[in-house]
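Reading the structure
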Amino acid sequence: RIRPEPKREITLERDEDGDFNVEEQIFETVAKLQRASGEVDGSVIVSAEAAGVPRPALVEMLRAFSWDVNFQHDIKVGDRFDVLIEQAWTSDGWPVDAGRVLWAELSTGGGEQSFSIYRFKPHDGEEFFYNGAGESVVKALLRTPLNMSRISSRFGMRHHPVLRFTRLHAGIDFAAPPGTPILAAGAGRVIEAGRNGGYGRWVKIGHANGLATGYAHLSRIAPGVRRSARVRQGQVIGFVGSSGLSTGPHLHFELHRNGRPVDPLSMARTAQRSRLGGEDLVRFKARVAEID
């Protein structure tokens, strides 16, 4: 017997005359709901996998929360997660797919805040996640442009470690190991990509509504990231380095609004979301009630 895929089993049998007979069986599938919950002990990934959340569904859940939650800073030991997954199984007990998240809830800051997401497909849009009010989880900008990092310097006036005088630090610095992938904080078009004085290797991306983001001190710029190229949100545009006026590997990240630098953290928190309306909102509320 060979099971080339969960839904198909092929049986090969030799008869008394030495000939082979082949039979194929197609199994029926059924969608089952699985709920997993628990407390964070160490990391969300380890804790959720220990609770039985399949890795692909976990990745989907973390991506949906990433516009609101910084998993390196916001999550505390004892924070809770709860997730409802729909997964297809064959009639004889084989999983057909990796499962998809229908709903999830995550607390942060030791229970200070709680976020919920619901899967939904608008009539003329792609299926993704919305909060309970019918707002898309997707924001114009990601909270942070790279994973596994910590903020080493914030926006504002500071004493420059290389130039030795006080001036405006027009962005925030994320300390991270050399080579860490840097993600485009939002979709847009590349304005600049190359050497830029004290910034070293630098990429600047223009976004909608007069916004632009800048990424400095890169070790290298990702292939295909050049002037006028289009990039999508979350695309790797470069890698952490220490080029230019830098005392060590980190990303200097800037956000400009109408040409003026603003604090990226405050803008990321208030970035606008799209909201469901009309018949889509009616269907969404019915879906929320069903899942709840």
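Residues numbered from 1 in each chain as written. Predicted model: local features only at pLDDT ≥ 70, side-chain atom pairs only at ≥ 80, totals over all residues. Heavy atoms only, no water.

Before going further, it helps to examine the environment of aspartate 92. Following the sequence through the fold, aspartate 92 ends up in the loop between strand S5 (80–90) and strand S6 (100–108). Within the structure, aspartate 92 has its side chain in polar contact with the side chain of arginine 3 (distance 3.0 Å). Of note is the side chain of aspartate 92, whose polar atom sits 2.5 Å from the side chain of threonine 90. (Helix = DSSP H or I, 4+ residues; strand = E, 2+ residues; numbered from the N terminus. Polar contact = N/O pair within 3.5 Å; in protein donor to acceptor, adjacent residues only side chain to side chain.)

With that out of the way, let us pick up the sheet that holds strand S3 (residues 20–26). Neighbouring strands of a sheet are bound in pairs by backbone hydrogen bonds; such pairs are parallel or else antiparallel. Spatial strand order, S1-S2-S3: 3 strands in an open sheet with antiparallel pairing. Strand pairing shows two members of the sheet lacking a second neighbour, strand S1 (2–5) and S3, which therefore form its edges. The mean inter-strand angle of the sheet, taken between neighbouring strand axes irrespective of direction, is 25 degrees. Where S1 meets strand S2 (residues 8–14), 2 bridges bridge the pair, whose relative direction is antiparallel. Residue pairing across strands places isoleucine 2 opposite isoleucine 10, the latter belonging to S2. (Pairing = 2+ DSSP bridges. Axes fitted to C-alpha atoms, helices over the stretch in contact; angles between N-to-C directions.)

A few words on the confidence of the model for the protein. Per-residue pLDDT for the protein averages 86, and the proportion of residues at 70 or more is 88%. Taken element by element, the predicted model of the protein shows its lowest mean pLDDT in strand S10 (residues 156–159) (52) and its highest in S2 (96). (pLDDT = per-residue confidence, 0-100.)

Here we come to the nonpolar core. Val53, Met61, Phe65 and Val83 are the most contacted members of the largest nonpolar core, which totals 27 residues. When contributions to this core are tallied by element, the ones reaching two or more residues are helix H1 (44–50), helix H2 (55–65), S5, S6, strand S7 (113–120) and strand S8 (128–130). At 6 residues, the largest contribution of residues to this core is made by H2. For valine 53, the contacting residues outside a window of four places in its chain are Ala36, Ala48, Leu58, Val83 and Ile85. Core analysis: the second largest hydrophobic core is formed by 25 residues, Ala184, Ala222, Ile237 and Phe239 among them. (Core = buried A, V, L, I, M, F, W, Y, C linked by side-chain atoms within 4.5 Å. Buried < 20%, exposed > 50% of the residue type's maximum accessible area, 1.4 Å probe, protein only. Contact = heavy atoms within 4.5 Å.)

Positive phi, normally seen in glycine, also occurs at histidine 217, with a value near 70 degrees. By the element assignment, histidine 217 lies in strand S16 (residues 211–221). The buried category is assigned to histidine 217, whose relative accessible area is 6%. Look at serine 228: it is not a glycine, yet its phi comes out positive at around 80 degrees. Positionally, serine 228 belongs in the loop between S16 and strand S17 (230–231).

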